[in-house]
Amino acid sequence: MLDFLRGFRWPFVVYYLGVSILGFAALGIWAADLDLASWIPYLTFLLLTIIADLVNLTLPRGGASVSVSTPVTFASIVILGPGAAAWVEALSALVVEGFVNRRPPVKIFFNIPVLALSTGLAGLAFQHFPFGNLQVQIGSPLILLPLLLVGVVHFAINTSLVSIVIGLSDQRSPVRVWKTNYLWNLRHLLAFVPFTAIIVLVYKIAPWTLALFIIPLLLIKYAYKLYLDQREVHISTLSALATALDAKDPYTHGHSYRVSRYALLVGEGLGLADSQMQVLEYAALLHDIGKIGIQGSIISKPGKLTEAEFEDMKRHPAIGAEILQRLKFLEESARVVKFHHERPDGKGYPEGISGEEIPLMARILHLCDTFDAMTSNRPYRQALSVERAIEEMKKYRGSQFDPEVVDVFVGFYNRGELEIIHEDIPFEVYDALNEA
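Now for a description of the structure that goes with this document.

Analysis parameters
- Residues numbered from 1 in each chain as written.
- Predicted model: local features only at pLDDT ≥ 70, side-chain atom pairs only at ≥ 80, totals over all residues.
- Heavy atoms only, no water.
- Core = buried A, V, L, I, M, F, W, Y, C linked by side-chain atoms within 4.5 Å.
- Buried < 20%, exposed > 50% of the residue type's maximum accessible area, 1.4 Å probe, protein only.
- Helix = DSSP H or I, 4+ residues; strand = E, 2+ residues; numbered from the N terminus.
- Contact = heavy atoms within 4.5 Å.
- Axes fitted to C-alpha atoms, helices over the stretch in contact; angles between N-to-C directions.
- Parallel < 35°, antiparallel > 145°, perpendicular 65-115°, else oblique.
- Left-handed = near helix turned anticlockwise from the far one by under 90°.
- Nonpolar A, V, L, I, M, F, W, Y, C, P; charged D, E, K, R; others polar.
- Salt bridge = Lys/Arg side-chain N within 4 Å of Asp/Glu carboxyl O.

Looking now at the nonpolar core. When a protein is soluble and globular, its nonpolar side chains tend to lie buried together. Among the nonpolar cores identified, the biggest contains 51 residues, and Val266, Ile364, Leu367, Cys368, Phe371 and Phe409 are the most heavily contacted of them. Counting residues per element, the ones that place at least two in this core are α10 (214-248), α11 (255-269), α12 (274-285), α15 (316-324), α16 (331-338), α17 (360-374), α18 (386-395) and α19 (403-414). Discounting residues that sit within four places of it in the chain, Val266 has contacts with Ile364, Cys368, Val405, Val408, Phe409 and Phe412. Residues Val72, Ala122, Leu147 and Ala197 belong to the second largest nonpolar core, which totals 33 residues.

What follows is the structure, encoded as structure tokens:
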């Protein structure tokens with residue numbers, strides 16, 4: 001443990017130890033609330049929580065996960081009380097993370113108190129809700145109000161504590177970590193609250209029926225696996241297409257990948273929803289697919305294009321949109337691709353639209369595409385420095401580039417949070433998109 005902490009800066013060490021000590025201290029205090037004579041409900045919820053924890057759902061972005069045990073945890077708060085629920089959550093984490101998943105002790109030592117604090121404090125929020133513990137109104141729709149409070153408090157505490165420790169560990173902004181890993185997970189909260197109410201109601205009628213919830217939990221896991229399998233097929237398709245694009249023009253090798261990473265960074269900074277981020281990623285990876293309809297001599301020409309050649313080149317966004325529209329899961333991305341060369345001042349192409357007429361994701365893609373083009377070597381010129389490219393963005397802010405998009409991009413640069421991706425990327429990099 002001490003050897004592990006020696007490798008980190010003091011803010012991380014202080015925070016890690018502080019949260020851990022606070023969590024274990026809270027468990028010690030809440031132990032006084034346990035009624036071991038009523039061990040059957042404790043054991044019932046413990047077993048169900050362990051089973052549910054074993055079918056956690058790993059999210060496709062950020063490395064976070066959705067625990068299907070969450071509604072079970074919320075129900076244990078209502079039925080067992082905050083102290084007992086915190087202990088059930090802590091013991092479940094010990095069994096699943098320590099004995100099943102065999103995570104490193106340093107992670108277990110932190111995760112257990114975080115889960116205990118999240119559960120216990122959410123339970124206290126439930127108890128102090130204006131309607132009390134609602135034992136007399138357990139069959140009323142009003143039960144959804146304190147359950148929603150439980151969900152919000154549990155989510156806020158759990159994700160905040162974890163985001164801060166990740167940020168301190170990797171020297172990243174905890175806010176960015178939270179947005180990337182957890183922001184879009186808020187929507188699951190709306191599904192967990194009514195599910196929790198069902199568990200509570202069923203338990204009040206006949207406690208043994210709690211075991212039946214194992215079946216829907218497993219079905220949720222199976223349904224999500226089907227979604228991930230479908231998404232992997234989509235990504236594999238995009239990977240093959242992006243690789244083919246780079247193979248056609250060796251001078252822009254890795255361009256599609258780099259643009260997609262920059263675009264996702266800006267999208268995150270603008271607070272795009274996860275569904276929008278997915279559309280943006282797909283569009284960024286395939287924004288130049290229309291170039292397969294342009295003569296190879298124009299694509300790879302080492303010098304400046306003639307006026308006629310440039311007019312021909314300007315067809316590639318529309319060609320790309322037509323290609324992508326043939327795939328249902330790329331219909332929204334097709335619109336982004338079509339307009340990714342439009343400008344706020346109306347001097348872009350293919351339609352010359354301006355300002356807010358241009359989709360936001362197309363505005364993002366336009367800036368990121370231009371930035372990577374400026375900072376990459378071409379046969380007719382050397383790459384500009386990042387500093388020079390940033391100055392060009394500022395210079396043409398509002399005319400060539402969307403002002404808000406420029407401000408977000410430059411903000412990342414000024415804070416040292418813009419990671420410049422190396423130009424020499426192997427083709428195999430697209431295989432890693434399945435894990436992005």
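It is worth spelling out the packing of helix α5 (residues 82-100) against helix α6 (residues 105-127) at this point. Viewed as axis vectors pointing N to C, α5 and α6 meet at an angle of 155 degrees, and their least axial separation amounts to 8 Å. The angle between α5 and α6 places the two elements in the roughly antiparallel class. Considering how the two elements wind past one another, α5 and α6 form a crossing that is right-handed. The segment α5 lies against α6, with Pro82, Ala85, Ala86, Glu89, Ala90, Ala93, Leu94, Glu97 and Gly98 engaging Ile108, Asn111, Ile112, Leu115, Ala116, Thr119, Gly120, Gly123, Leu124 and Gln127. Of the residues assigned to the contact of α5 with α6, the class counts are 11 nonpolar, six polar and two charged.

Packing of helix α7 (residues 144-170) against helix α9 (residues 186-205) leaves a shortest axis separation of 9 Å and a crossing angle of 135 degrees. With respect to their mutual orientation, α7 and α9 come out oblique. Read as a crossing pair, α7 and α9 show a hand that is right-handed. Judged by residue contacts, Leu144, Leu147, Leu148, Gly151, Val152 and Phe155 of α7 engage Leu186, Leu189, Val193, Pro194, Thr196 and Ala197 from α9. For the contact of α7 with α9, the per-class residue count stands at 10 nonpolar, two polar and no charged.

Within this structure, the stated rule accounts for 13 salt bridges. With a closest N to O distance of 2.9 Å, Arg261 and Glu281 form a salt bridge. Taken together, the residues Arg261 in helix α11 and Glu281 in helix α12 connect sequence positions 20 residues apart. Judged by relative accessible area, Glu281 falls into the buried class, the value being 1%. Lys291 is paired through a salt bridge with Asp288; the nearest N and O atoms lie 3.6 Å apart. One continuous salt-bridge network, built from bridges that share partners, spans Glu356, Arg363 and Asp402.

Looking at where Val279 falls in the secondary structure, it is placed in helix α12. Given the relative accessible area of 9%, Val279 is considered buried. Through-space distance from the C-alpha of Val279 to that of Ala334 is 9.0 Å; in sequence the pair is 55 residues apart. Once residues lying within four places of it in the same chain are set aside, the contact partners of Val279 are Glu332, Ser333, Val336 and Met361.

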